[in-house]
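Overview (structure and organization)
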Amino acid sequence: MNGKKIIAVTGATGGQGGGAARAILADPDAGFAVRALTRNPDSPAARELAALGAEVVRADFDDEPSVHKAFEGAYGAFLVTNFWAHGSAAKETEEVNVLVRAAKAAGLRHVVWSTLEDTRELLPLEDDRMPVLQGEYNVPHFDAKGAANELFRQAGIPTTFLNTTFFFQGFLGNFAPRRGEDGVLTLTLPLEDGKLLAGVDVEDIGRTAFAVFKGGERFIGETIGLAGDHLTGAQYAEKFGSALGEPVRFQAVPYDVFRSLGVPAADEVGNMFQYYGDFDREFTDARDLTKARQLNPALKSFDDWLAGNIAHVN
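Now for a look at the structure at hand. Computed from a prediction, not measured in an experiment: that's the story for all the values here. Numbers given to residues run from 1 along each chain, matching the order in which its sequence is written. Side-chain atom pairs in this predicted model are given and counted only at pLDDT of 80 or more, local residue features only at pLDDT of at least 70, and totals for whole chains, interfaces and linings cover all residues. Excluded from the side-chain calculations are hydrogens and water; all other atoms, namely the structure's heavy atoms, are used.

Looking now at the packing of aromatic side chains. Pairs were defined over the aromatic rings of Phe, Tyr and Trp, the Trp ring being its six-membered one, requiring ring centres within 6.5 Å. Orientation was assigned from the angle between planes: stacked under 30 degrees, edge-to-face over 60, tilted for the rest. Counted under the stated rule, the structure contains 25 aromatic pairs. Ring geometry for Phe142 and Tyr275: centres 5.9 Å apart, planes at 70°, overall edge-to-face. Of this pair, Phe142 sits in helix H5 (residues 140–154) while Tyr275 sits in helix H9 (residues 266–278), placing them 133 residues apart in sequence. By the burial criterion, Phe142 is buried, and Tyr275 matches it. Each ring, one from Phe273 and one from Tyr276, has its centre 5.6 Å from the other, and the planes form 85°; the classification is edge-to-face. Here Tyr276 and Phe273 lie together in helix H9, a separation of three residues that amounts to about one turn. Here Phe273 and Tyr276 have matching classes, each one buried. If you follow Arg153 out to its NZ or CZ, it ends over the ring of Phe161, 4.4 Å from the centre. Under the DSSP-based scheme used, a helix requires at least four consecutive residues in state H or I and a strand at least two consecutive residues in state E, with every element numbered from the N terminus. Burial classes: relative accessible area under 20% of the type maximum marks a residue as buried, over 50% as exposed, and values in between as partly exposed (1.4 Å probe, protein chains only). Any Lys NZ or Arg CZ that is within 6 Å of a ring centre and within 35 degrees of that ring's normal is treated as a charge sitting over the ring.

Here it is in structure tokens:
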């Protein structure tokens, strides 16, 4: 790797890891090289990274020796787990333990861990405003990551904790504006009127992680909150309307109603949005937009992201 510091990137063919890998590869003078970890090195996304100059290696969280081998000789790592691949907080915790053991064994000097808050710190399980899921969680994909932060600390791994948030890409799928029976485009979210929803372009997570690596040791031990915008549902709808050239209204769905709809992961997603809503000030205050842009000046606002993605909005 020509004397460059190797950054091992998990999830390298996904949104977060891909953003980190491409950001590093686009800045050859920064002194870093990419080792892209993937379960399938022959996938089109993996081959694309290889063509850009990444070292692509096979690694599978279910095959711990492969992760240890992939971290050998690396300076640091960008670590992300994908709860939605299996939907199990227990499974995600197992995966993080694999990453922690491998990072410790390899002696990594800087890890950036893509994480989230443990919602139970603000909302004890005894609080009955939302159902307890998987036996011991409010929002499993938040809580498992938040609880796993301590695993890195206990292992003595030099870590920066990067708190993420709702991906703007969610507006390209299930939460895209839909035309109502009256013909009006409607943005429907399980979020109360007036409550803020912090959002981010998923690729900005990886790009910000690269900024952390360039910033070096001063970020070790720090928790960095990341968002590109803090907007209400009505504000998101207004911006969609401006981009689409026709009015888009916002329709709030009560959390309990959303949880009862029977859509995939309805309880999980309903609880997540209720946490966003019930603790919107605490959540957004932990994601200072000015500080985030000082670290990553190219961080996309919702307007920026929408301008590049409006053609893909269903």
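This part takes up the packing of helix H4 (residues 89–106) against H5. Packed helix pairs are specified by the crossing angle of their axes together with the interaxial distance, meaning the distance between the axes. Here an angle of 0 to 180 degrees is reported between the N-to-C directions of two axes, which are lines fitted to C-alpha atoms, with helices fitted over the stretch in contact. Where H4 contacts H5, the axes come no closer than 9 Å and their chain directions differ by 25°. One way to sum up the angle between H4 and H5 is to call them roughly parallel. Helix-helix and strand crossings are classified by hand; for H4 and H5 the assignment is right-handed. Two secondary-structure elements touch here, H4 through Ala89, Glu92, Thr93, Val96, Asn97 and Val100 and H5 through Pro140, His141, Ala144, Lys145, Ala148, Leu151 and Phe152. Note on residue categories: nonpolar means Ala, Val, Leu, Ile, Met, Phe, Trp, Tyr, Cys or Pro, charged means Asp, Glu, Lys or Arg, and polar means any other residue, Gly included. Considering only residue class, the contact of H4 with H5 consists of eight nonpolar, three polar and two charged. To sort the angles, those under 35 degrees are grouped as roughly parallel, those over 145 as roughly antiparallel, those from 65 to 115 as roughly perpendicular, and the leftovers as oblique. It is the rotation of the near helix from the far one that decides the hand of a crossing: anticlockwise by less than a right angle makes it left-handed, clockwise makes it right-handed. We call two residues contacting when some pair of their heavy atoms lies within 4.5 Å.

Take the sheet that holds strand E9 (residues 185–189) next. Here the rule is simple: two strands pair whenever DSSP picks up at least two bridges between them. As summarised here, the arrangement of the three strands in space is E8-E9-E13, forming an open sheet in which the pairing is mixed. With partners counted over all chains shown, the strands left at the sheet margins are strand E8 (178–179) and strand E13 (248–252), one partner each. Bridging between E8 and E9 involves two bridges; their strand directions are antiparallel. Pairing of Arg179 across the sheet is with Leu185, part of E9.

Here we come to unusual backbone geometry. Residues other than glycine seldom take positive phi values, yet Gln134 does so here, at roughly 50°. We classify Gln134 as partly exposed; its relative accessible area is 40%. The residue Ala265 is not glycine, and still its phi comes out positive at about 55°.

Turning our eyes to something else, we now look at the side chain of Thr164. Position of Thr164 relative to the elements: it lies in the loop between strand E6 (159–163) and strand E7 (166–167). Thr164 sits in the buried class, given a relative accessible area of 4%. If we ignore the near neighbours within four places in the chain, the residues touching Thr164 are Gln16, Ser114, Thr115, Leu116, Ile205, Leu226, Phe283 and Arg287.

Moving on to the nonpolar core. In this structure, Phe171, Leu189, Leu197, Phe273, Tyr276 and Phe302 are the most contacted members of the largest nonpolar core, which totals 36 residues. Contributions of two or more residues to this core are made by E9, strand E10 (196–200), helix H7 (233–244), E13, helix H8 (255–259), H9 and helix H12 (302–309). Counting residues per element, this core draws most heavily on H9, which supplies five residues. Apart from the residues within four sequence positions on either side, Leu197 is in contact with Phe166, Phe171, Leu189, Leu191, Asp229, His230, Leu231, Tyr236, Phe273 and Tyr276. Take the buried Ala, Val, Leu, Ile, Met, Phe, Trp, Tyr and Cys residues and link them wherever side-chain atoms come within 4.5 Å; each set so joined is a nonpolar core. Among the nonpolar cores identified, the runner-up in size contains 32 residues, and Val200, Ala209, Val212 and Phe213 belong to it.

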